[in-house]
Protein chains: 2
Amino acid sequence: MPPDPAPSRDADGMRRGASIVAVENVSGSGSAGSLDLRLWVRLLGCARIIEKQLRRNFQEQFDTTLPRFDVMAALDRAPDGLNMGALSRALLVSNGNVTSIVRQLQEQGSVVARPDPGDGRSAIAALTPAGKAHFAELARAHHQWVRAALAEFPPDRQEQLLSLLGELRRSLLGEEGE
Amino acid sequence: MPPDPAPSRDADGMRRGASIVAVENVSGSGSAGSLDLRLWVRLLGCARIIEKQLRRNFQEQFDTTLPRFDVMAALDRAPDGLNMGALSRALLVSNGNVTSIVRQLQEQGSVVARPDPGDGRSAIAALTPAGKAHFAELARAHHQWVRAALAEFPPDRQEQLLSLLGELRRSLLGEEGE
DNA sequence: GGGATTTATTTCAAGCTTAAAATATATTCG
DNA sequence: CGAATATATTTTAAGCTTGAAATAAATCCC
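## Observations regarding the overall build of chain A
Okay, so step 1: Helices and strands together make up the secondary structure of chain A, namely 6 helices and 3 strands.
Okay, so step 2: Listed N to C, the secondary structure of chain A is α-α-β-α-α-β-β-α-α in terms of helices and strands.
Okay, so step 3: A total of 178 residues make up chain A; the buried ones form 44% of that total.
Okay, so step 4: For chain A, long-range pairs separated by at least 24 residues make up 52% of all intrachain contacts whose partners lie at least 6 apart in sequence.
Okay, so step 5: Counting every atom, chain A has about 9000 Å² of accessible surface; 50% of that belongs to carbon and sulfur.

See the structure below:
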């Protein structure tokens, strides 16, 4: 039998957070890459660092996942429930994806799905009381994790960044209101 | 037989790009949510919008994926090749993940793995000439997509955002050099 | 009413992702 | 040398993700 009870001293099965990072200064002219490429790489990198922490926290502290949290959050804001299509639109994920996540939540008792009286094709998913309570706990922890992640980044910078990202988002989407 | 040859008029199996978006103003005090939560949601949203476009472009125009591109990019910058561990560290993904992506690239002829003469445990992966050529094409397209995505966002804003994200990244990581 | 079309959802195949377990090869040091 | 330990990698189980195909129910319109 192996003599070490250590949980995992093997290779590194946990780092993550940047993917495209490797693209930094590739295919560009100089060694620094072009402005737009560098911006994209850095944006993705920051998002992944935080996302990774959140995912890990959800897994370790609540044995759940970010997508499940997303679905619960959407349902929490819809007291009368939502059908699959509405959930899919709210979360911007594919329809088939919602199916399996809702199934998980049903199995764990956080969600119920009742047939839509007005449309035989749809069922309406909603949080159970237990699900609502569970979500409240998750949301509190989630907010705390985000706060902790951004704790060293001063509020005035946060304001600036928020505003700049708002501009970016508008330019990425329609640019309506030019 | 169904009379329409249309590729897909069914439900929406493609939207995506924000996930956590649903959390906007949840569990907060007011309707706007706290600053840090809003910042996080917006950051993730922007990253996903671009990421999604890139992924779709890779799929549709080159029948490949972002992770495969990442591995090729890392190998392109290492003329002598890299072993799995180095790749895993460079890309910040798990070791097991690299294994399967490299396998795909080997099967498609873009990568070869030769045994490391100095270490029997390692094999060194490197781009083949065909892989190098293919990557050059992919990188050109990738840069063009990023440029196009950010085209409406003015360069001075890009500079500002780049710098602010640099600060954010530093604060997320060590904060070394305070 | 009833066929054609549209809409809501599920199922499916393929691929990414991780963490943990399993292998296999080095390295250390007694 | 040889056992203990460390390192490199693969395999595996579980879950997310998408897009396409398959159902099934509703709507349109002749």
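Continuing now.
## Focus on the packing of aromatic side chains
Okay, so step 1: Applying the stated criterion to the full structure yields 8 aromatic pairs over all chains.
Okay, so step 2: For the pair A:Phe69 and A:Phe135, a centre-to-centre distance of 5.4 Å together with 25° between the ring planes defines the contact as stacked. With A:Phe69 in helix α2 (residues 66-76) and A:Phe135 in helix α5 (residues 129-149), the pair connects residues that are 66 residues apart, well separated along the chain.
Okay, so step 3: Taking relative accessible area as the criterion, A:Phe69 reaches 1% and is therefore assigned buried.
Okay, so step 4: Seen from their ring centres, B:Phe58 and B:Phe69 are 4.9 Å apart, and the 35° between their planes marks the pair as tilted.

## Looking at helix α4 (residues 95-107) of chain B
All names here are of chain B.
Okay, so step 1: If you check α4, its first and last C-alpha atoms are 19 Å apart, about what 13 residues at 1.5 Å a residue would give, namely 18 Å.
Okay, so step 2: By the burial criterion, the buried members of α4 are Asn 95, Val 98, Ile 101, Val 102 and Leu 105. Seen along its axis, α4 keeps its buried residues to an arc of 120°; they face one direction. Exposed positions of α4 whose direction lies more than 90 degrees from the buried face are Gly 96 and Glu 107.
Okay, so step 3: Tucked inside the fold, the buried residues of α4 contact α2 (66-76), α3 (84-91) and β2 (111-115).

## Quick notes on the nonpolar core
Okay, so step 1: Of all hydrophobic cores here, the largest spans 92 residues; its most connected members are A:Leu43 and B:Leu43.
Okay, so step 2: Here this core gets 12 residues from one element, more than from any other, and that element is helix α1 (residues 35-62) of chain B.
Okay, so step 3: When sequence neighbours within four positions are dropped, the list of residues in contact with A:Leu43 reads A:Leu165, A:Leu168, B:Leu43, B:Cys46, B:Ala47, B:Ile50 and B:Leu165.

## Describing the packing of α3(B) against α4(B)
Residue and element names in this part refer to chain B.
Okay, so step 1: Axis separation between α3 and α4 bottoms out at 9 Å; the angle between their running directions is 110°. Classed by the angle they form, the pair α3 and α4 counts as roughly perpendicular. From α3, Met 84, Gly 85, Leu 87 and Ser 88 reach across to α4, where they touch Asn 95, Val 98 and Val 102.
Okay, so step 2: Residue composition of the contact of α3 with α4, grouped by class: 4 nonpolar, 3 polar and no charged.

## Description of α3(B)
An α-helix turns once every 3.6 residues. As a result, residues three or four positions apart point the same way.
All names here are of chain B.
Okay, so step 1: Buried within α3 we find Gly 85, Ala 86, Leu 87, Ser 88 and Leu 91.
Okay, so step 2: Taken together, the buried residues of α3 touch α2, β1 (82-83) and α4.
Okay, so step 3: The N-cap residue of α3 is Asn 83: its side-chain oxygen and the backbone nitrogen of Gly 85 are 3.2 Å apart.
Okay, so step 4: A positive backbone phi angle near 60° is found at Leu 92, which sits one or two residues after α3.

## Overview of the environment of A:Thr65
All names here are of chain A.
Okay, so step 1: Among the secondary structure elements, Thr 65 is positioned in the loop between α1 (35-62) and α2.
Okay, so step 2: For the pair Thr 65 and Leu 92, spaced 27 residues apart in sequence, the C-alpha separation works out to 17 Å.
Okay, so step 3: Here Thr 65 is in contact with Phe 58 and Gln 59, once residues within four sequence places are set aside.

## Regarding the sheet that holds strand β3 (residues 123-127) of chain A
Residues and elements named next belong to chain A.
Okay, so step 1: The antiparallel open sheet is built from 3 strands, whose spatial order is β1-β3-β2. With partners counted over all chains shown, the strands left at the sheet margins are β1 (82-83) and β2 (111-115), one partner each.
Okay, so step 2: Note that β1 and β3 share 2 bridges and pair antiparallel. Opposite Leu 82, over in β3, you have Ala 125 as the bridge partner.

## Some points on unusual backbone geometry
Okay, so step 1: For A:Leu92, which is not glycine, the phi dihedral falls at a positive 60°.
Okay, so step 2: In this structure, A:Leu92 sits in the loop between α3 (84-91) and α4 (95-107).
Okay, so step 3: Classification of A:Leu92 by relative accessible area gives partly exposed; the value is 25%.
Okay, so step 4: Positive phi values are uncommon outside glycine, yet B:Asp63 reaches one of about 50°.
Okay, so step 5: Considering the arrangement of structural elements, one finds B:Asp63 in the loop between α1 and α2.

## Here we look at the confidence of the model for chain A
Okay, so step 1: When pLDDT is averaged across chain A, the result is 83; 80% of the residues are at 70 or more.
Okay, so step 2: Of the regions scoring below 50 in pLDDT, residues 1-31 of chain A engages in 66 contacts with residues more than four places distant in sequence or in other chains.

## Some details on the sheet that holds β2(B)
Residues and elements named next belong to chain B.
Okay, so step 1: Taken in spatial order, the 3 strands of this open sheet run β1-β3-β2, and their pairing is antiparallel. Taken across any chain shown, the strands that pair with only one partner, and hence form the sheet edges, are β1 and β2.
Okay, so step 2: α2 contacts β1, β2 and β3 (123-127) of the sheet and is inclined by roughly 95° relative to β3.

## Topic: the pattern of salt bridges
Okay, so step 1: By the definition in use, this model includes 10 salt bridges over all chains.
Okay, so step 2: Close ionic contact of A:Glu51 with B:Arg48 constitutes a salt bridge, the shortest N to O distance being 2.3 Å. With A:Glu51 in helix α1 and B:Arg48 in helix α1, the pair connects residues from two separate chains.
Okay, so step 3: A relative accessible area of 12% means that A:Glu51 is categorised as buried.
Okay, so step 4: B:Arg48 sits in the buried class, given a relative accessible area of 7%.
Okay, so step 5: One salt bridge connects B:Asp76 with B:Lys132, and the closest N-O pair in it is separated by 3.6 Å. One end of the pair, B:Asp76, is in helix α2; the other, B:Lys132, is in helix α5 (residues 129-149), with 56 residues separating them in the sequence.
Okay, so step 6: With a relative accessible area of 24%, B:Asp76 lands in the partly exposed category.

Cut-offs and rules
- Residues numbered from 1 in each chain as written.
- Chains lettered and ligands numbered in written order.
- Predicted model: local features only at pLDDT ≥ 70, side-chain atom pairs only at ≥ 80, totals over all residues.
- Heavy atoms only, no water.
- Helix = DSSP H or I, 4+ residues; strand = E, 2+ residues; numbered from the N terminus.
- Buried < 20%, exposed > 50% of the residue type's maximum accessible area, 1.4 Å probe, protein only.
- Contact = heavy atoms within 4.5 Å.
- Areas by Shrake-Rupley, 256 points an atom, 1.4 Å probe, with all protein chains shown as cover.
- Phe/Tyr/Trp six-rings, centres within 6.5 Å; stacked < 30°, edge-to-face > 60°.
- Expected span 1.5 Å × (residues − 1).
- Arc of directions from axis to C-beta.
- Core = buried A, V, L, I, M, F, W, Y, C linked by side-chain atoms within 4.5 Å.
- Axes fitted to C-alpha atoms, helices over the stretch in contact; angles between N-to-C directions.
- Parallel < 35°, antiparallel > 145°, perpendicular 65-115°, else oblique.
- Nonpolar A, V, L, I, M, F, W, Y, C, P; charged D, E, K, R; others polar.
- Polar contact = N/O pair within 3.5 Å; in protein donor to acceptor, adjacent residues only side chain to side chain.
- Pairing = 2+ DSSP bridges.
- pLDDT = per-residue confidence, 0-100.
- Salt bridge = Lys/Arg side-chain N within 4 Å of Asp/Glu carboxyl O.

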